[in-house]
Every structure is written in structure tokens, then in C-alpha cells.
Amino acid sequence: MSRLTDNSKKVMPGDVFFAIPCADGSEMAHAMEALERGASSVVSALPPPKGFEDRWAHVNDVVFTRYLFAKEKFGNPFSKLNCHAVTGSNGKTSCAFMMNAILRDAGKKTAMLSTIYNLLGDEKEAASLTTPGFLELYEFAAKAVKAGCTELVMEVSSHALAQGRVMGIPYKTALFTNLSHDHLDYHLVMENYYQAKKLLFASELLGTGIGFINIDNSYGNRLYGELFFRDRVGISKKQFKVENTETGIKIDNVNVSLFGEHNVENAMLIIEWAKEMGLPTEALEKISVPGRFEVVLNKDGKRAIVDYAHTPDALERTLIAARKICEGDLLLVFGCGGDRDKTKRPEMGAVAEKLADKIWLTSDNPRTENPEQILNDVEAGMPAGKHKRQIDRKKAIKEAAAALQKRDVLVVAGKGHETYQIIGKEKIHFSDQEQLTEALQPVGATPRGCP
């Protein structure tokens, strides 16, 4: 069978291209690009343009047709895997890493799809999206089966659910962490965002599987109530005894090497999931998640932390967690991404001004937006003006690191695990961890990587 693709920019001669309907009506333009690149045929719900009738398959439902082709080509690999999904605004990556660690510790060979990277056993692959495209998913699952994996852990984004990218995957378990303001540039309103997340728990995907839902947030509580027809477990912090420890948190008798109230909620989901699956939880004692409340410095009474928080709710949770281990001032470096949901920018500014003592407002991934305008949008939620404005992220981190005193905590938020910054349409190497480490070097010390 010919190679299948739904990305017109990746079409090679002889490929079958699926022209998936687009909200902006651009599927015909994508189809024509695919034909120009040598696609043997286009599968589309639109009638063929004149002169291309012999290379055009007109169908009623392109998404379902793509599913049938993928199933035929790849042999339905998902049916040979125990598939576990996690969705929510925040916490998906941390939960996926914990699930994967627990399964591996139990002797299972796992595959994982995450925002940070993908795993096939011990082999890492770069991740381009939180949830890959539909055909890429099938290809990955086929490789996982071939590699001898029996378990697949994956983050499932609202975009993937709304676009039918996970169609036909029979999930054994599905976790819901929370829902808060994010991605409204795509979903427009919170109700659409919620309904997209809810699709993961529909019978078409979860089937006879079990849903694990954090009911300590309003959307989780609502979801739990609306899923009365299926096997589900509602989970609340009220069920557990929680303690903060020097190395993280303790939930009942389970030690978890992660910090913060938000990780209490993530870990309680995983602990209940493991209990239901009959799996041990000792792996949580040494779990780490890159860019998720990652401690870069813990020395001389100073702490510097990198976190992926890029929504109002996530930033609030991260700062509250940092405040609990802070005896001096709480310092913050953060910004907001360009070409993304603009409505959350003043909300994030308000959270920062309320919870941090010293703030450096800077660029995140400005993309094609004017960085100055992005900062203006954030500042709309910061009337007190207790912040410094420094567009250059490297300089902002350096200034904040220089201001870090004994008993202080510095949080650098927004990019987490990312090793790049997108300015205009260019992706340049940039790591918050590397910049922090360099900025915190003692005077006269040899920087890392130098002879």
C-alpha cells in the first residue's frame, strides 16, 4: 500500500493524501499542494477540481476513511497494546511520566508519547506535538508492537480529540487532571474546550475501560457526574493524608519525589490508578519530570526552579508551591507565547503580581507577534507595576539570578523542558536550565562545557 499522509508539506511522490476539513476552509489549498508534490491521489469530501478527476477520491467522511486506511496498512496495532491516556489543561506530562515509571518498575515494556519526548522501551524520540498526528500515531504504535512493547502511555490533547486524531484507539484507562483557561484561540470558549476533553471518555474510545477523574475542580466534578453510565473513579485530596517532606510529598504511605500542591493532585490520580491496576508505586520515590518544578539550584539557602507553567492556573499553582519552600522573596521570570490565546495574558500578569515579590516580565516564544505588544497585554493585568520589563529572556534570567539572595526562591516559568525559543519563524537554541546554570556560576568559575 502507498504511503499515507494528511500533511501536505510532507507529501512525497506516490503518497495518498487525506484532505482533512479545516476550520478556515483551506483543505482545497492543501490538496492542490499535495498534488503538486506528486501525490498519487487525494481523498476529500470536496468534489475534484477540473483536470484532477483521475487522482481524486470523493468520500463523505474523510476522517473515517483515513481511519480505515490506517487500520488496513498498520494492522490495527493499538489492539495489541494496553493503552493508557491522560488529558487535562495541566499535569498531563507529569502523570504520563509517573504511569510509565510504575509500569516499567512492574516489569512491563512500555512506549510513551509525551510533550517532552517519546519513548519506545529505552529509545527516545523527539516529540513535535503533545499528541502526534493520526497517521504518525498509527506508525508509532506499529513500531511499539514490533519492539515488543505491551503498554502505551500517552498524553491526549484537546486538539487531538477535537480533530479525531485518536480515533479507533481502545483505551484501557483514561485520566482527567483538571481544566482551566487555555487554548481558547482554538476552542473559542471553555465549553468547547471541555466537550473536546470529554470525548476521551466516550464509549468510542474508552469502551469498557476505566476513567480516573480528579473531582477537586469544577470541570472534573462535572465530568464525573456526566459519566454515570461508565466505570469511573472520582478522586479527591480529602481521601488522603498529605505531608510535605524534604524530598517531595508523602501521600498516605507513598513517597513521591515531586513538590507542590499541583503534584499532590497528579500523584493521587496515579496512586489510585496503580491501585486499580494492581501495580506497586515504589517508582514514585525517584520520579523526575524535566521542566516540571525542576530544581536547578538548591544551595546556600537559595533555590532556582524551572517550570512549564504557561496558563494562569498552572502559574498560580507553581508560585503557591514555591512560596511554601520560600523563606525570603519569591522571584519570578515569565512571559507569554505569541500567536496563541491572548485572553490569558492579563490573567497571568494578575497571578504573577499577586503571588510573586519580584518579577521580570520577558519573552517566551514570541513567534511572529511583536514581543513588546505581548508584554503590553500581560501588563494589562499588573496595575501595581511591581515588575521589571526585559524583552531579552537571557538578560532577564541573568538579572533575576543576580538578585537571588539567601532564603529566596527564583522561578523561571513558561518554557520548562523546551530547548529552543521561537522568534519570528526561526527556532533558536535556548534552555532556561542552561541559562540559569550559567547565570548562577560563582564569580571566576569556569562555565560548563569550557576547558
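Relevant structure appears above.
No experiment lies behind these values; they were computed from the predicted model shown.

Turning next to the overall build of the protein. Broken down by element type, the protein carries 14 helices and 23 strands. The C-alpha atoms of the protein give a radius of gyration of 23 Å, which matches the 22 Å a tight globule of 451 residues would have. Each principal axis of the C-alpha atoms in the protein carries an extent, and together these give about 70 × 50 × 50 Å. In the protein, which comprises 451 residues, the proportion classed as buried is 54%. Across the protein, contacts joining residues at least 24 apart in sequence account for 67% of those joining residues at least 6 apart.

Listed in full, the buried residues belonging to helix H11 (residues 345–355) are Arg345, Met348, Gly349, Val351, Ala352, Glu353 and Leu355. Against helix H10 (312–324), strand S18 (330–334), strand S19 (358–361) and helix H12 (371–379) lie the buried residues of H11.

The eight strands lie next to each other as S8-S7-S6-S9-S5-S10-S11-S12, forming an open sheet whose pairing is mixed. Taken across any chain shown, the strands that pair with only one partner, and hence form the sheet edges, are strand S8 (123–126) and strand S12 (232–235). Ignoring which end each strand starts from, the neighbouring axes of this sheet average 15° apart. Here strand S5 (residues 82–87) runs beside strand S9 (residues 151–155); their pairing, made up of five bridges, is parallel.

Take the sheet that holds strand S4 (residues 56–58) next. If you trace the four strands from one edge of the open sheet to the other, you get S1-S2-S3-S4, paired in parallel fashion. Each having just a single partner strand, strand S1 (4–5) and S4 make up the two edges of the open sheet. Two elements, strand S3 (residues 41–44) and S4, share three bridges in a ladder whose sense is parallel. If you follow Val42 over to S4, its bridge partner there is Trp56.

What follows is about a nonpolar patch on the surface. Side chains of Met1, Phe64, Leu68 and Phe69 sit close together on the surface and give an oily, nonpolar patch of about 380 Å² of accessible area. Of note, Leu68 is situated in helix H2 (residues 62–74). A relative accessible area of 43% places Leu68 in the partly exposed class.

Procedures and definitions
- Residues numbered from 1 in each chain as written.
- Predicted model: local features only at pLDDT ≥ 70, side-chain atom pairs only at ≥ 80, totals over all residues.
- Heavy atoms only, no water.
- Helix = DSSP H or I, 4+ residues; strand = E, 2+ residues; numbered from the N terminus.
- Rg over C-alpha atoms; globule rule 2.2 N^0.38 Å.
- Buried < 20%, exposed > 50% of the residue type's maximum accessible area, 1.4 Å probe, protein only.
- Contact = heavy atoms within 4.5 Å.
- Pairing = 2+ DSSP bridges.
- Axes fitted to C-alpha atoms, helices over the stretch in contact; angles between N-to-C directions.
- Patch = residues over 30% accessible without salt bridge, like charges linked within 9 Å, V, L, I, M, F, W, Y side chains within 5 Å.
- Areas by Shrake-Rupley, 256 points an atom, 1.4 Å probe, with all protein chains shown as cover.
- Salt bridge = Lys/Arg side-chain N within 4 Å of Asp/Glu carboxyl O.

This is a description of form; function is not addressed.
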